[in-house]
Amino acid sequence: CGVYLCTFSGVEDELELSAVRHRPEGLEQLEAQTRFSRKELQILYRGFKNECPSGVVNEETFKDIYSQFFPQGDASTYAHFLFNAFDTDHNGSVSFEDFVMGLSILLRGTVQEKLNWAFNLYDINKDGYITKEEMLDIMKAIYDMMGKCTYPVLKEETPRQHVEVFFQKMDKNKDGVVTIDEFIDCCQNDENIMRSMHLFENVL
């Protein structure tokens, strides 16, 4: 089944990269494109290969893996949105490159990069705008994932109330959609929103 064996010179414990359908880019290239060291990339790849021996992960596998981190709730909807954000070329699968590029931004990116990534997550249909409905879909998915045990006193309408407040702050020109400039400007200038972004970061 077409197993590729690649070794990279200068790596003490030669990293063996085996993939059935997909072979990652050279480590040097990924090192240049991300904020991970070569050693970190080796460790990440071993973990990735463990979970996804074929070298790519489809949405169902992604959901299964992600749900293990949130056994107290239903993570499937949020995992669906997250998968789409990682799947940058929209081909229905996440490669190791897709994975580490996204992870690099989320863990070590600048505030601007993280906010760009967050905007892309909230912009579900990828038309360059966030609608109130899109924001509500993401917010509901987060609440579902965190589970009733985490927020036992929350009422059904709580996500909608939160979205109303967020959206009014962000939609500066009141045209019913939030642009990336409005999103970033509002987040950077509002301490409460920046703090709430940490909820978003923690669930990643």
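Owing to the predicted nature of the structure, the values given are computational and were not obtained by experimental measurement. (Residues numbered from 1 in each chain as written. Predicted model: local features only at pLDDT ≥ 70, side-chain atom pairs only at ≥ 80, totals over all residues. Heavy atoms only, no water.)

1. Quick look at the overall build of the protein
For the protein, the count of helices and strands is 10 helices and four strands. The secondary structure elements of the protein, listed N-terminal to C-terminal, are α-α-β-α-α-β-α-α-β-α-α-β-α-α. Taking the intrachain contacts of the protein between residues at least 6 apart in sequence as the baseline, contacts between residues at least 24 apart amount to 58%. Accessible area of the protein: about 11,200 Å², with a carbon and sulfur share of 51%. (Helix = DSSP H or I, 4+ residues; strand = E, 2+ residues; numbered from the N terminus. Contact = heavy atoms within 4.5 Å. Areas by Shrake-Rupley, 256 points an atom, 1.4 Å probe, with all protein chains shown as cover.)

2. Focus: the packing of aromatic side chains
Taken as a whole, this structure holds 13 aromatic pairs when the rule is applied. Aromatic side chains F48 and F99 sit 5.5 Å apart centroid to centroid with 35° between the ring planes, which places their arrangement in the tilted category. In this pair, F48 sits in helix α2 (residues 38-51) while F99 sits in helix α5 (residues 96-108), placing the two residues 51 residues apart along the sequence. The exposure class assigned to F48 is buried, which follows from its relative accessible area of 8%. Judged by relative accessible area, which is 21%, F99 ranks as partly exposed. Geometrically, the ring pair formed by F62 and F83 is edge-to-face, given 5.5 Å between the ring centres and 65° between the ring planes. (Phe/Tyr/Trp six-rings, centres within 6.5 Å; stacked < 30°, edge-to-face > 60°. Buried < 20%, exposed > 50% of the residue type's maximum accessible area, 1.4 Å probe, protein only.)

3. Considering the pattern of salt bridges
Counting across every chain of the model gives nine salt bridges. In this structure, E59 engages K63 in a salt bridge whose closest nitrogen and oxygen atoms are separated by 3.4 Å. One end of the pair is E59 and the other is K63, both in helix α3 (residues 59-67) and four residues apart, which spans about a single turn. For the pair E59 and K63, one class covers both residues: buried. A salt bridge links D185 to K172, with the shortest nitrogen-to-oxygen separation between them at 3.0 Å. Remark: K172 occurs in the loop between α8 (158-170) and β4 (177-178) and D185 occurs in helix α9 (residues 180-188); sequence separation between them is 13 residues. In this structure, a network of salt bridges that share partners links the residues E28, E31 and R38. (Salt bridge = Lys/Arg side-chain N within 4 Å of Asp/Glu carboxyl O.)

4. Focus on the nonpolar core
Among the nonpolar cores identified, the biggest contains 49 residues, and Y66, Y78, L82, L121, M135 and F183 are the most heavily contacted of them. With nine residues, the top contributor of residues to this core is helix α7 (residues 132-150). Both domains that meet at this core, namely domain 1 (26-109) and domain 2 (111-203), each give it at least three residues. Every residue in contact with M135, bar those within four places of it in the chain, is listed here: Y122, I130, V163, F166, F167 and M170. (Core = buried A, V, L, I, M, F, W, Y, C linked by side-chain atoms within 4.5 Å. Domains from an automatic or database assignment.)

Coordinates in, geometry out; function isn't part of it.
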